[in-house]
Amino acid sequence: MSSPDPARKRARRTHAERREEAERRLLDAALAIVAQRGSVRMTLAEVGQAAGYSRGLAAHRFGSKAGLVQALAGYIGEQFGQQRARGAALQPGLQAILGNIRFYFGRRGAAWLSSRALLVMMNEACIEAQPELRPVVAAYNRSALAWFEQHIATGIARGEIAPHNDPGITAVILLGAMRGVMLQWLVDPAVPIAKVRDRLLQVVQQVLHA
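None of these values were measured; they are calculated from a predicted model.

**Overview of the nonpolar core**
In this structure, Val-47, Leu-72, Ile-97, Phe-105, Met-121 and Phe-148 are the most contacted members of the largest nonpolar core, which totals 58 residues. If you tally residues by element for this core, the top one is helix 7 (residues 133–158), at 9 residues. For Phe-105, the contacting residues outside a window of four places in its chain are Trp-112, Met-178, Val-181, Met-182, Ile-193, Arg-197 and Leu-200.

In structure tokens form, the structure reads like this:
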């Protein structure tokens, strides 16, 4: 049996790479639109055009606006995870939680774009501007909360986090504090975010430490 033609194999890889690039550009375009003016009035056609493609490509790739929004939520989570992974490795438990807070408030420039878009989507979900948005944002939140719950439980097992800290409840409080501070800072850059971050780290250590 003859071996596969290398040129044909390369063509297949190139097609897959082009498809991946197109999806990334579409999601980047949607991210910028949502961060600027929300997702309610966003259309698939304008996302395709903003990405430099035809008006119909976003609909072809994601099927519907709900499919695009769902993919965008996953893309935001993936970006945050990749950014965090590029930082220093931290032990699971309390150190990972504190490191996550430092990273969250230590980002600069375009790294804030995804957080702005997420907060806009959360606000839209609260007022039920579009029915398909709430379950997407809720699923994203559950994923973020699960990360904190895991590290709180690990910290309790290691004896570095006090056992009276319920992982589920404490995760909601931590995530809410972080996003609440960020929302205030995005609305009013005069908020001294570095000082707020440092104080939040002190409070978290005092509350969680065994």
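**Some words on helix 6 (residues 113–126)**
Along its 14 residues, helix 6 runs 20 Å from first to last C-alpha, staying within 8% of the 20 Å computed at 1.5 Å per residue. Every buried residue belonging to helix 6 is among Ser-114, Ser-115, Ala-117, Leu-118, Leu-119, Met-121, Met-122, Glu-124 and Ala-125, and all of these are buried.

**With respect to the packing of aromatic side chains**
The final tally for this structure, using the stated rule, is 5 aromatic pairs. With a centroid separation of 5.1 Å and 85° between ring planes, the pair formed by Trp-147 and Phe-148 is classed as edge-to-face. You can call Phe-148 buried: its relative accessible area is 3%. An aromatic cluster is defined as three or more aromatic residues linked by ring pairs; in this entry it consists of Phe-80, Phe-103, Tyr-104 and Phe-105. Above the face of the Phe-62 ring, Arg-61 is positioned so that its terminal group lies 5.5 Å from the ring centre. The cationic tip of Arg-107 hangs over the ring face of Trp-112; the distance from NZ or CZ to the ring centre is 4.8 Å.

What counts and how
- Residues numbered from 1 in each chain as written.
- Predicted model: local features only at pLDDT ≥ 70, side-chain atom pairs only at ≥ 80, totals over all residues.
- Heavy atoms only, no water.
- Core = buried A, V, L, I, M, F, W, Y, C linked by side-chain atoms within 4.5 Å.
- Buried < 20%, exposed > 50% of the residue type's maximum accessible area, 1.4 Å probe, protein only.
- Helix = DSSP H or I, 4+ residues; strand = E, 2+ residues; numbered from the N terminus.
- Contact = heavy atoms within 4.5 Å.
- Expected span 1.5 Å × (residues − 1).
- Phe/Tyr/Trp six-rings, centres within 6.5 Å; stacked < 30°, edge-to-face > 60°.
- Lys NZ or Arg CZ within 6 Å of the ring centre and 35° of its normal.

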